[in-house]
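Residues per chain, in single letters:
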There are 2 protein chains.
Amino acid sequence: MSVRKLLIIGGVAGGASCAARARRTREDLSIVILEKGPFVSFANCGLPYYVGNLIKKEEDLLVASPELFRKRFAVDVRVLSEAVAIDRDKKIVRVRDLAAGREYDEPYDALVLSPGARPFAPPVPGTGLPGVFSVRNIPDCRDILDWAGKNRVGEAVVVGGGYIGVEIAENLARRGIRVAIVEREKHLLPPLDPEMAVPVHAAAKKAGVELHLSQSLAGIAAEPGGKLSVSLSLGRVLSAGMVILATGVVPETGLARAAGLALGESGGIAVDSRLRTSDPHIWAVGDAVEKTSLVTGLSRLVPLAGPANRQGRMAADIICAGEGKGPEYRGTLGTSVVGAFGMTAAATGETEKSLAAAAKKGVSIPYERVYAQALDHAEYYPGAKTLIIKLLVRKEDGRILGAQAVGEQGVEKRVDVIAAMIFKHATAADLENLDLCYAPQFGSAKDPANLAAMIAGNALSGFAPVARWEEAEAYGAVILDVRTPFEWKRGHVPGALHIPVDELRQNLDSLPEDKEIWTYCYVGARSHLAVRMISQTGRKARNLTGGYAIYQMMKSVED
Amino acid sequence: MSVRKLLIIGGVAGGASCAARARRTREDLSIVILEKGPFVSFANCGLPYYVGNLIKKEEDLLVASPELFRKRFAVDVRVLSEAVAIDRDKKIVRVRDLAAGREYDEPYDALVLSPGARPFAPPVPGTGLPGVFSVRNIPDCRDILDWAGKNRVGEAVVVGGGYIGVEIAENLARRGIRVAIVEREKHLLPPLDPEMAVPVHAAAKKAGVELHLSQSLAGIAAEPGGKLSVSLSLGRVLSAGMVILATGVVPETGLARAAGLALGESGGIAVDSRLRTSDPHIWAVGDAVEKTSLVTGLSRLVPLAGPANRQGRMAADIICAGEGKGPEYRGTLGTSVVGAFGMTAAATGETEKSLAAAAKKGVSIPYERVYAQALDHAEYYPGAKTLIIKLLVRKEDGRILGAQAVGEQGVEKRVDVIAAMIFKHATAADLENLDLCYAPQFGSAKDPANLAAMIAGNALSGFAPVARWEEAEAYGAVILDVRTPFEWKRGHVPGALHIPVDELRQNLDSLPEDKEIWTYCYVGARSHLAVRMISQTGRKARNLTGGYAIYQMMKSVED
């Protein structure tokens, strides 16, 4: 029995994609979108830049209007229309018309839930005070800009240093507001591993942003005179004209839960590979839905626009294909990127953090970790900037598990390439041999992504095993610095031996024979050569992956 | 029997990589590099930018010095040392010391040939005249700059509009020299399909560069007064102070041929998957070697730095691993990029041209071709620019065969991602579902690469079949323009019907029932919706892939 009436709750990324694809598939389908807010299909991810006046006009954020949906797609879009209950037996949704203040019933054959996620407000006093905002939609931005203008806000506190927190902080700073970021973890950008966020710390500080790390919000209170006093968990109190809460999002599952739909263990709506909920007539997509990691196979929440759009489109295909047919959603890599303060940070697949979390859930994947530092394009062509790639590969077979990168330019390109490789189950050996674009403005003959894979390959094969800085002290190896005397003088690892690489060949006999020798240089290339020289004398040697650069980054986020 | 002495002929990309990797692998190996020129390991690909003064100092082009090779890698580098003959029986190379003017014999256990490729000079009169140059090495650049300075060159002719020709043209223009490019094919950048070069034509013209397409060099003559007159095959004569020959390269196979080593059908040195020539003690790498296309399996010449570097490194591994062991070179995608006049053009895998050439050699792969045009990043974030992706997929199963892209920014990223997908035998369905980096500065929720794959998927499944502009006239379909009246007025396809997409739903009955209807809009999105509407009435409809934009590009390079 074919579906005649498709009802979609939520008209942003997933819902809008679903409606457009459904119409393209079937002209005879009745399609209704219910959207609680005043807009459909608006550019969520652009909101911080609207606050920063980089995007000048509110209209620019509107990807598609209700009018376009009606005219071009014959979709009945109802904004300011909140779905308040689902009667699954009768296949009816109870709708509140927020403008008219009335309620009515809307029937469906197929129902798609695309409610998204809402900002999480920490359960502390004062988050409801005037001057405290979150950034979910266009009206939020209007409120922030109004408040900042009317109250001539000179200082703001951003609570939460995740992607959105950092973007908002950058954009407030762009408006001339002094910003402090409060982050509960010891580093910004919690989706990344700690050391990979360090370049962003430096850039934020350089832009005048204060960082209060390893601290959470204890409460907000109104000061006499109209300012807010923001208390942090370690006792510090910040005074500001405005507070932005960017402490993450939680899936909007109220409606689904009330309707008795099954939720997953991360608290999102549970769906099968064809995006169907526990009710055979209800599908769900986007931020509210749990998604499978393509690497670990575990479910998690991945509130990203890409997967939401893809799922919306796919849900339309599945519903139109009919029972047991249509494409299957294979899961996500959670590829993500953030740009702020002149730095770009990006990630795909698993991090060390997420692999540790997976291990706690019983999915333990022994992995090797390497760092590559390289210029985004040929050194000899002007304007090259360093980027750092962290690559995680499975010990067993070299399969790539995840990558993170940070730098000023060329970062997202390498992460996208590695995302493609992970998606297709590639190994380090594959990535090493991948032909990538090279001209001096764009890359190098050995692209940074190739280089990361070569380092991983050398580590896995035993050609040049790597060691971890975290283990250096406890392991009892001899630490050998092979940099120049100049570099050594400017700073080195306490207790290290020092033999510049160009003098090492003549001094191999002076190295102890009874201990492992762990070498480092600044980025890891000279120490790689050193490892090879030393290991050919019969000694055991390893390369402290990432070199002194990563050592310093790790030190800067030590507990 | 282990190799004790490794002799490498050629010290640039492949040779230098081979020496460094061999040293890292074996400290006990004697390694000698013979380099005919005055430098080793110099940045070939930077030469045009040195001519353009973007790279200021000659030293910047030197990636590694003979001194570094000696000191750090204990490699005996001999510059100005030409290998003149190989005695394969005695395993000896005859070397000419170009500085001392003497000859000597150098023995080897393993010999690696990395002689590169040399500029091809068209067999016409005058290419040897003073003021006629090619661009292979640093001395060539010195000569060009000296000549241009001494003779106050105001106009130059660049013969050949390939990657190097276009780069040189841009860099001469950057120096204030008026440039004309002469190209035998009907478009610049012959490695690309014709229409994909059109945006570069427009950019070159805007930069003041004259294009003489579909014409070859007939001859060069000295004019009284010191200028050169450059005659073209169609009769035109250009006057210039300087001529740069950039008419491609030919593999340096003289030495190999004289030694009786087997060559391949494209004229390069033939090697097996372990880079071994027909002599068991001689390996060859880089531009002089024939490489297998990973897509068609056919051999061809691929003079690119990436494969050369990788092969050099791999040859070291193979030689050190011993008989029948070591890694295998799987082949190349020939991923390449060029930036000039503010445009970037890039390609990976096969083009329509190379697929046509493969078909002539008996490897016929039926394919579907689609174009995606999209912004490099979100429209609502300032600075977004259009890029065009051309994607070729195998009809049988959607496997990606090749991609080309052109635009102002974000071009090489998409090509690199697609290169990764091709390398791992991905299909359009894979690329459609790949999670890529998205934040408004970097991409879109549906990345242009995803979009290209969606279009291909729709075409392959029959959801929205595509048609080719080249076939439109002969096929006899009704051509339907679904753009706005404003767009229609500014230009349209002769004989087309015009119904704006937003009025189509009401006017479907007016369409003929006995003919296929081929629709177009500007980029292909509205016409995609039109195809779906029309085909649901029972009519046959197809999308003229690429839309009016591609139509115009194709018209501009019509024979």
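We now turn to the structure provided with this report. (Residues numbered from 1 in each chain as written. Chains lettered and ligands numbered in written order. Predicted model: local features only at pLDDT ≥ 70, side-chain atom pairs only at ≥ 80, totals over all residues. Heavy atoms only, no water.)

## Here we look at the pairing of strand E13 (residues 217–222) of chain A
All names here are of chain A.
(1) Moving on: In the sheet, E13 pairs with strand E14 (residues 228–232) via five bridges, with the strands oriented antiparallel. What sits directly across from Ala222, in E14, is Leu228.
(2) Moving on: Hairpin remark: E13 followed by E14, antiparallel, with five residues in the connecting loop; positive phi at Gly225, about 100°. (Pairing = 2+ DSSP bridges. Helix = DSSP H or I, 4+ residues; strand = E, 2+ residues; numbered from the N terminus.)

## Describing the relation of the copies chain B and chain A
(1) Moving on: Taken as rigid bodies, chain B and chain A are interconverted by a rotation of 180° and an axial shift of 0.0 Å, the fit giving an RMSD of 0.0 Å. Seen this way, the second copy is the image of the first under a two-fold rotation axis.
(2) Moving on: Looking at the interface residues of chain B, 99% of them are also at the interface in chain A, so both copies use one shared face. (Least-squares fit on C-alpha atoms with pLDDT ≥ 70 in both. Contact = heavy atoms within 4.5 Å.)

## Remarks on helix H10 (residues 411–423) of chain B
(1) Moving on: Helix length check: H10(B) (13 residues) gives 18 Å between terminal C-alpha atoms against 18 Å at 1.5 Å per residue, within 8%.
(2) Moving on: Note on H10(B): the residue one or two positions beyond its end, His425(B), has a positive phi of about 60°. (Expected span 1.5 Å × (residues − 1).)

## Observations concerning the sheet that holds strand E25 (residues 400–407) of chain A
All names here are of chain A.
(1) Moving on: With respect to topology, five strands assemble into an open sheet ordered E21-E22-E25-E24-E23, the strand pairing being antiparallel. In the strand order of this sheet, the two ends are held by strand E21 (336–340) and strand E23 (367–375), each with one partner. Averaged over all pairs of adjacent strands, the angle between their axes in this sheet comes to 10°, without regard to strand direction.
(2) Moving on: Pairing between strand E22 (residues 343–349) and E25: six bridges, direction antiparallel. Looking at E25, one finds that Thr344 is bridged to Gly407.
(3) Moving on: Strands E23 and strand E24 (386–394) of the sheet are contacted by helix H17 (residues 547–556), whose axis makes an angle of about 110° with E23. (Axes fitted to C-alpha atoms, helices over the stretch in contact; angles between N-to-C directions.)

## Looking at the state of the cysteines
Residues and elements named next belong to chain B.
(1) Moving on: For the structure shown, the criterion picks out zero disulfides over all chains.
(2) Moving on: The cysteine Cys18 is free of any disulfide, with Cys320 supplying the nearest cysteine sulfur at 8.1 Å.
(3) Moving on: Looking at Cys18, the relative accessible area reads 0%, which means it is buried. (Disulfide = S-S within 2.5 Å. Buried < 20%, exposed > 50% of the residue type's maximum accessible area, 1.4 Å probe, protein only.)

## Some details on the sheet that holds strand E4 (residues 81–87) of chain B
The pairing of strands in a sheet comes from backbone hydrogen bonds and takes either a parallel or an antiparallel form.
Residue and element names in this part refer to chain B.
(1) Moving on: The strand order across the open sheet formed by three strands is E4-E5-E6, and the pairing between neighbours is antiparallel. Since the sheet does not close on itself, it has two edges, and those belong to E4 and strand E6 (102–107), each with one partner. Looking at each pair of strands side by side, their axes are set apart by 30° on average, direction ignored.
(2) Moving on: Across six bridges, the pairing between E4 and strand E5 (residues 92–97) is antiparallel. Bridge pairing in E5 places Ala83 opposite Val95.

## A word on the pattern of salt bridges
(1) Moving on: In this structure the tally under the stated criterion is 88 salt bridges over all chains.
(2) Moving on: One salt bridge in this structure joins Arg300(B) and Glu350(B), with 3.3 Å as the shortest N-O distance. A residue pair is termed long-range when its members are at least 10 positions apart, and Arg300(B) in strand E20 (residues 299–301) and Glu350(B) in the loop between strand E22 (343–349) and helix H9 (352–360) qualify at 50 residues.
(3) Moving on: According to the relative accessible area criterion, Arg300(B) is partly exposed, its value standing at 21%.
(4) Moving on: One continuous salt-bridge network, built from bridges that share partners, spans Asp193(A), Glu195(A), Glu352(A), Arg369(A), Lys390(A), Arg468(A) and Glu470(A). (Salt bridge = Lys/Arg side-chain N within 4 Å of Asp/Glu carboxyl O.)

## A look at the interface of chain B and chain A
(1) Moving on: On the chain A side, the residues contacting the 83 residues of chain B number 82 residues.
(2) Moving on: Together chain B and chain A conceal approximately 7,300 Å² of surface at their shared face, both sides included; 57% is due to carbon and sulfur atoms.
(3) Moving on: Taken together, the connections running from chain B to chain A amount to 14 salt bridges.
(4) Moving on: Examining the composition of the side of chain B that touches chain A, we find that nine residues originate from one element, H10(B), more than from any other.
(5) Moving on: Of the residues belonging to the side of chain B that touches chain A, the class tally is 39 nonpolar, 19 polar and 25 charged. (Buried area = accessible area lost by both parts, 1.4 Å probe. Nonpolar A, V, L, I, M, F, W, Y, C, P; charged D, E, K, R; others polar.)

## What about unusual backbone geometry?
Residue and element names in this part refer to chain A.
(1) Moving on: Residue Lys91 is not a glycine yet carries a positive backbone phi of 55°.
(2) Moving on: Turning to its location among the elements, Lys91 is positioned in the loop between strand E4 (81–87) and strand E5 (92–97).
(3) Moving on: With a phi angle near 65°, Leu275 is a residue other than glycine that sits in the positive phi range.
(4) Moving on: Within the secondary structure, Leu275 sits in the loop between helix H7 (254–258) and strand E18 (282–284).
(5) Moving on: Judged by its relative accessible area of 1%, Leu275 is buried.

## Some details on helix H5 (residues 163–174) of chain A
Residues and elements named next belong to chain A.
(1) Moving on: Here H5 spans 17 Å end to end across 12 residues, near enough to the 16 Å set by a 1.5 Å rise per residue.
(2) Moving on: Among the 12 residues of H5, nine are classified as buried, and the element is accordingly described as predominantly covered.
(3) Moving on: Of the residues making up H5, those classed as buried are Tyr163, Gly165, Val166, Glu167, Ile168, Ala169, Glu170, Asn171 and Leu172.
(4) Moving on: Those residues of H5 that are buried are in contact with helix H2 (47–51), strand E10 (155–159), strand E11 (178–182), strand E16 (242–245) and E21.

## Looking at the nonpolar core
(1) Moving on: By size, the foremost hydrophobic cluster in this structure holds 82 residues, and its most contacted members are Leu391(A), Leu431(A), Leu434(A), Leu391(B), Leu431(B) and Leu434(B).
(2) Moving on: For Leu431(A), the contacting residues outside a window of four places in its chain are Leu391(A), Ile400(A), Val417(A), Ile418(A), Met421(A), Ala449(A), Asn450(A) and Ala453(A). (Core = buried A, V, L, I, M, F, W, Y, C linked by side-chain atoms within 4.5 Å.)

## Considerations on the environment of Leu172(A)
All names here are of chain A.
(1) Moving on: Along the chain, Leu172 turns up in helix H5.
(2) Moving on: With a relative accessible area of 2%, Leu172 lands in the buried category.
(3) Moving on: The spacing of Leu172 and Tyr49 is 123 residues in sequence and 9.2 Å in space, taken between C-alpha atoms.
(4) Moving on: Residues within four places of Leu172 in sequence aside, it is in contact with Val51, Ala156, Val158, Ile177, Val179, Met242 and Ile244.

## With respect to the side chain of Asp376(A)
Residues and elements named next belong to chain A.
(1) Moving on: Relative to the helices and strands, Asp376 resides in the loop between E23 and E24.
(2) Moving on: Of the buried charged residues, Asp376 lacks a salt bridge, with Arg414 as the closest side chain of opposite charge at 5.3 Å.
(3) Moving on: Polar contacts involving the side chain of Asp376 include one to the main-chain amide nitrogen of Lys385, which spans 2.7 Å.
(4) Moving on: A distance of 3.2 Å separates the side chain of Asp376 from the side chain of Gln409, its partner in a polar contact.
(5) Moving on: Excluding its chain neighbours within four sequence positions, the residues that come into contact with Asp376 are Gly383, Ala384, Lys385, Leu387, Gln409, Gly410, Arg414, Phe442 and Gly443. (Lys, Arg positive; Asp, Glu negative; His and termini not counted. Polar contact = N/O pair within 3.5 Å; in protein donor to acceptor, adjacent residues only side chain to side chain.)

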